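Structural overview for review
The residues making up each chain are set out below.
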Amino acid sequence: MVGRTRLGELERVIMDQLWTLDSPATVRQVHEALSDSRDVAYTTVMTVLDRLARKGSVEQIRDGRAYRYRPAVSRDELTAELMHQALDTVDGSDRMAALLRFVGSASADDADAIRAALAELENGRPEQSPGRAESDRTDGTAGSPP
Amino acid sequence: MTHSTPTVLLTLALLLAGPAPALLSRARWPSRVPRAALVLWQSLALSALLSALGAGASAGAMVVAYDHPSVVLVVLHASALLLTLVVLARLLWSAHVLGMTLRTRRRRQRHLVDLVARTDGRAPGVHVLDAGRPLAYCIPGLPSRLVVSSPALDDLADDEMTAVLEHERAHGRARHDLVLEGFGALHNAFPRFVRSRTALDSTSGLVEMLADDAARRRAGDVPLARALVRLADAPAPAGAMAAGAVTPAARIRRLTEYELTRRELTDAPVVTSLAYLTAAALVIVPTVAVAAPWLAAVAAAL
Ligand SMILES: [Zn+2]
C-alpha cells in the first residue's frame, strides 16, 4: 500500500510531469518519465492518475483501447483557486471560514491604525525579541515617551 | 415545586442567550485571560442550550403530573415537546451541514496544496505557494497544514516568520477549528431574525488571542506585531471583511496593553479562577438545582 502523504506527493510529481508535456500522455509515458528519478510501480501511477481524474485535475481522453491524460487546469489556475479560497472571497456557509488565516486583510483606514499601534508598541519598549538581535532596525531610542 | 421547572429553565435560557453574551462580549478582562474566557463562552452556550431543551422537555413531560389532564393541556404539552425536538433537530442538522461544508472545502484545499505548493528551506514543514500576495494560513485537520505564500516568506524577517508559524501551529495543536465549528453550528441553527454573531465573533477573537500568546512567547511581541502589520497590508477584496471580529490593530494594541500593565496583572489568577468557577456553575447548578428535582418528581409520578 502507498501511504496518503506519498500519494499526495506522487500527485504533485505527476501533475508536474503532465504540465511539462505538450500532448496528452499515456500511463506508460508518465511511468517511464518518473522511473528515472524514483521507484514507482506502473499500477501506482495508474491509480494516482485515476484519482487525479476523479478530482477533476486531469482529463482522461480515450485513445483506442488506452487512456491518455492531460492537465485539466494550469498550475496558475490552481494557485489562483487556492488564493481565492484562502482570501475568503468564496464563503457560502454564513462566513464560517474553512481556513484559519494569520490575519485578515485590512482596509485603508485599518492600515493606518495598524501602523500606529505598531509604532506605539515599538516606542513603549524598544528592547525586544528575547535572545535575538534586531537586524533590520536601528532606530531603537531608549524609553522615549510616545 | 416542579411546576416551576419549565419557567425557571426558560428564563435561564433566555438570560444566557441574550444579556449574558452581550455583557461578556463587552467585558475587557477576556483579552487578558483568553483561555478562561473561551471556556466561559463554551459553558455559557452549553448551559443556554441545555436550559432551553430542558425547559421544553420538562414542559412537555409535565403532563404526567396531572391525574386527568384535559385535551388542551395534552396538546399544549405535546407542542412544547415537539418544539424542543425541532430545535434539537435543527441543531444537529446545522452541525452536520457545516461539518460537511468545512470538510469538503478543507479536503479541496489540501488537494490543491499538494499539487502546487513547494517546500522551502527557510520554513521547514511549511507548504509554500508561489502566489502574488503575502498570506499565511492553516488548513485545520489531522495533521493541520501550514501554508505560506512566497511573498510572505520573502517579506518577513526570521523572527517574524517564527511568530506567524507558531501562531498557526497553536491553532492546529489546540484544535481551535473545532471550537469555532461548534459556535458556527449553534449560530447557523437559529433563524436569522433571532440569532446574533456575538458569540461567534467573540470566540473567534479569543482564539486569535490565544494563538498570538503562543506566538509572542516563542518570538516576542514586536516580531509578532511586525508580522501582523506586514501580512495585514494587503487590501481586502470587496466584501470580504468579517464585521465585528478582532482587527489586527486591536491585536497589536493588546500586546502593548499587556506590556504596560504587566505589573498590574497580579489579579489574573483571580479573574481566571472566577471565570472557571462561573463556567462550572453555569453547567452544574441548573442541572442539579432544577433538573434533578424535576427528574425525581417525574420518576415518582410514574
Ligand atoms: Zn489565527
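Per chain, residues are indexed from 1 in the order of the written sequence. Ligands are numbered from 1 and chains lettered from A, in the order in which they are written. Local features are withheld for residues below a pLDDT of 70 in this predicted model, meaning they are given only at 70 or higher, and side-chain atom pairs are given and counted only at 80 or more; totals for whole chains, interfaces and linings count all residues. Excluded from the side-chain calculation are hydrogens and water; included are all heavy atoms of the structure.

A helix here means a DSSP run of H or I that spans at least four residues, while a strand means a run of E at least two residues long, and both kinds are numbered starting from the N terminus. Secondary structure summary: chain A contains 5 helices and 4 strands in total. Reading chain A from its N terminus to its C terminus gives the helix and strand order α-β-α-α-β-β-α-β-α. Categorising residues by exposure relies on relative accessible area from a 1.4 Å probe, with only protein chains included: less than 20% of the type maximum marks a residue as buried, more than 50% marks it as exposed, and the intermediate range marks it as partly exposed. Considering chain A as a whole, with its 146 residues, one finds that 34% of them fall into the buried category. Counting only contacts in chain A whose residues sit at least 6 apart along the sequence, the fraction spanning at least 24 positions is 43%. Method for areas: the Shrake-Rupley scheme with a 1.4 Å probe, in which residue coverage is limited to the protein chains shown. As displayed, chain A has an accessible area near 8500 Å², and 48% of this comes from carbon and sulfur atoms. Residue contacts follow a heavy-atom distance rule, with two residues in contact if any of their heavy atoms lie within 4.5 Å.

Quick look at the sheet that holds strand E4 (residues 100-101) of chain A now. Any two strands with at least two DSSP bridges between them are considered paired. The 4 strands lie next to each other as E4(A)-E2(B)-E3(B)-E1(B), forming an open sheet whose pairing is mixed. One side of each edge strand has no neighbouring strand; the edge strands of this open sheet are E4 of chain A together with strand E1 (127-129) of chain B. One ladder, built from 3 bridges, connects E1(B) with strand E3 (residues 145-149) of chain B; its direction is parallel. When the sheet's bridge partners are listed, Val128(B) is paired in E3(B) with Val148(B).

Another aspect to go through is the UniProt feature "domain: Peptidase M48" (unreviewed entry) in chain B. Mapped onto the present numbering, the UniProt feature "domain: Peptidase M48" (unreviewed entry) falls at residues 107-180 of chain B. Counting secondary structure, residues 107-180 of chain B comes out at 50% helix and 16% strand; the distance between its end C-alpha atoms is 18 Å. UniProt positions are given in the numbering used here, feature names are shortened, and annotations may be inferred rather than shown by experiment.

All names here are of chain B. All axes are obtained by fitting lines to C-alpha atoms, using only the stretch in contact for helices, and the reported angles, taken between N-to-C directions, cover 0 to 180 degrees. Relative to each other, helix H6 (residues 158-173) and helix H9 (residues 221-232) sit at 85°, their axes nearing to 8 Å. Taken as axis vectors, H6 and H9 run roughly perpendicular relative to one another. In this structure, H6 contributes Asp159, Glu160, Ala163 and Val164 to the contact, and H9 contributes Pro223, Leu224, Arg226, Ala227, Arg230 and Leu231. Residues that form the contact of H6 with H9 fall into these classes: 6 nonpolar, no polar and 4 charged. Here is the rule for angles: anything less than 35 degrees is roughly parallel, anything more than 145 is roughly antiparallel, 65 through 115 is roughly perpendicular, and the remaining ranges are oblique. Side-chain classes are defined by residue name, with Ala, Val, Leu, Ile, Met, Phe, Trp, Tyr, Cys and Pro counting as nonpolar, Asp, Glu, Lys and Arg as charged, and the others, Gly among them, as polar.

Right, let's get into the coordination of the zinc ion. For a metal with four donors in a tetrahedral arrangement, the ideal angle between donors is 109.5 degrees, while six donors in an octahedron ideally sit at 90 or 180 degrees. All names here are of chain B. In this description, a donor is an N, O or S atom within 2.8 Å of the metal centre, a cutoff extended to 3.2 Å for sodium, potassium and calcium. Water is not part of the atom list, which can make sites seem incomplete. Every protein donor of the zinc ion is accounted for by His167 (NE2), His171 (NE2) and Glu208 (OE), and the metal-donor separations fall at 2.0 Å. Binding-site remark: the zinc ion is held by donors from one chain whose sequence spacing is H-x3-H-x36-E. Pair noted here: histidine 171 is in helix H6 and glutamate 208 is in helix H8 (residues 198-219), with a separation of 37 residues, a long-range link. Accessibility classification places histidine 171 together with glutamate 208 in one group, the buried group.

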